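The residues making up each chain are set out below.
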Amino acid sequence: MGGPHHLGDLQYAIMRVLWDEGEATVSRVQERLSSGEERDRALTTVATMLTKMEKKGVVAHKNVGRQFVYRALIEEKSIHRSMVHELTQRLFRGDFSALVSHLLTEQEIDKEEVERLKSLIAEKGVKEKRRGR
């Protein structure tokens, strides 16, 4: 599934649990979410959200006894790509250079990180040259 995936904060947090765990019951997802936040999420809230996410096509479940065990249908990379694309469209009118410029000017970036970014840009340039041949 390569289409756009619009996930809210709770949905994204649930996906992270599923990516980490591979598969998880509603109670396991709720437990993991509660361990990372100051307030607990109700089990019914997590169950309702997982049902909505299944209707969106981003998760699926199987029955194990009387419990539903959920798994992610979408890879983390695909969600990141979709969400970054949406962010870039909304805030920077689709200009990825403007996004990168914003990140470079508005964030503290140490010397090692700058060098890593330079390497990534150089690597991207090499790949683009290969494709152009």
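Refer to the structure presented above.
All of these numbers come straight from a predicted model, not from anything done at the bench.

S.K.: I keep staring at the overall build of the chain and nothing clicks. Help me out?
M.R.: When its secondary structure is counted, the chain shows six helices and three strands. Listing the helices and strands of the chain from first to last along the sequence gives α-β-α-α-β-β-α-α-α. Relative to the 2.2 N^0.38 estimate, which gives 14 Å for 133 residues, the radius of gyration of the chain is 19 Å and therefore markedly larger than a compact globule would have. Each principal axis of the C-alpha atoms in the chain carries an extent, and together these give about 55 × 40 × 25 Å. The buried share of the chain, reckoned over its 133 residues, is 28%.

S.K.: Help me understand the side chain of S34 in this model?
M.R.: Here S34 lies in helix α2 (residues 26-35). A relative accessible area of 13% means that S34 is categorised as buried. Ignoring any residue separated from it by four or fewer positions in sequence, one finds S34 in contact with D40 and R41.

S.K.: I keep staring at the packing of helix α1 (residues 9-21) against helix α3 (residues 43-56) and nothing clicks. Help me out?
M.R.: For any two helices packed against each other, one specifies the inter-axial angle together with the distance between the axes. At a minimum axis separation of 10 Å, α1 and α3 run at an interaxial angle of 85 degrees. As summarised for this structure, α1 and α3 are arranged roughly perpendicular, according to the angle between their axes. The segment α1 lies against α3, with L10, Q11, I14, M15 and L18 engaging T45, V46, M49, L50, M53 and K56. Its residues placed into classes, the contact of α1 with α3 shows eight nonpolar, two polar and one charged.

S.K.: Sorry, what's going on with α2 here?
M.R.: In an α-helix, one turn spans 3.6 residues; hence positions three or four apart end up facing the same way. Looking at α2, one finds that the buried residues are V26, V29, Q30, L33 and S34. The buried residues of α2 all sit within an arc of 130 degrees when viewed along its axis, so they share a single face. Next to the buried residues of α2 lie α1, β1 (23-25), α3 and β3 (67-72).

S.K.: What is the right way to read the nonpolar core from this model?
M.R.: In globular proteins that are soluble, nonpolar side chains generally tend to be buried together. With 23 residues, the main nonpolar core has I14, M15, L18, V29, L33, L50 and V59 as its most contacted residues. Per-element accounting of this core gives the leading share, eight residues, to α1. Those residues in contact with I14, other than ones at most four positions away along the chain, are V29, L33, V46, M49, L50 and M53.

S.K.: Can you help me understand the packing of aromatic side chains in this one?
M.R.: Applying the stated criterion to the full structure yields two aromatic pairs. Look at Y12 and W19: their rings are 5.9 Å apart centre to centre, the planes differ by 70 degrees, and that puts the pair in the edge-to-face class. The residues Y12 and W19 share a single accessibility class, namely buried. A centroid spacing of 6.2 Å and a plane angle of 65 degrees characterise the contact between F68 and Y70, whose relative ring orientation is edge-to-face. Given the relative accessible area of 37%, F68 is considered partly exposed.

Analysis parameters
- Residues numbered from 1 in each chain as written.
- Predicted model: local features only at pLDDT ≥ 70, side-chain atom pairs only at ≥ 80, totals over all residues.
- Heavy atoms only, no water.
- Helix = DSSP H or I, 4+ residues; strand = E, 2+ residues; numbered from the N terminus.
- Rg over C-alpha atoms; globule rule 2.2 N^0.38 Å.
- Buried < 20%, exposed > 50% of the residue type's maximum accessible area, 1.4 Å probe, protein only.
- Contact = heavy atoms within 4.5 Å.
- Axes fitted to C-alpha atoms, helices over the stretch in contact; angles between N-to-C directions.
- Parallel < 35°, antiparallel > 145°, perpendicular 65-115°, else oblique.
- Nonpolar A, V, L, I, M, F, W, Y, C, P; charged D, E, K, R; others polar.
- Arc of directions from axis to C-beta.
- Core = buried A, V, L, I, M, F, W, Y, C linked by side-chain atoms within 4.5 Å.
- Phe/Tyr/Trp six-rings, centres within 6.5 Å; stacked < 30°, edge-to-face > 60°.

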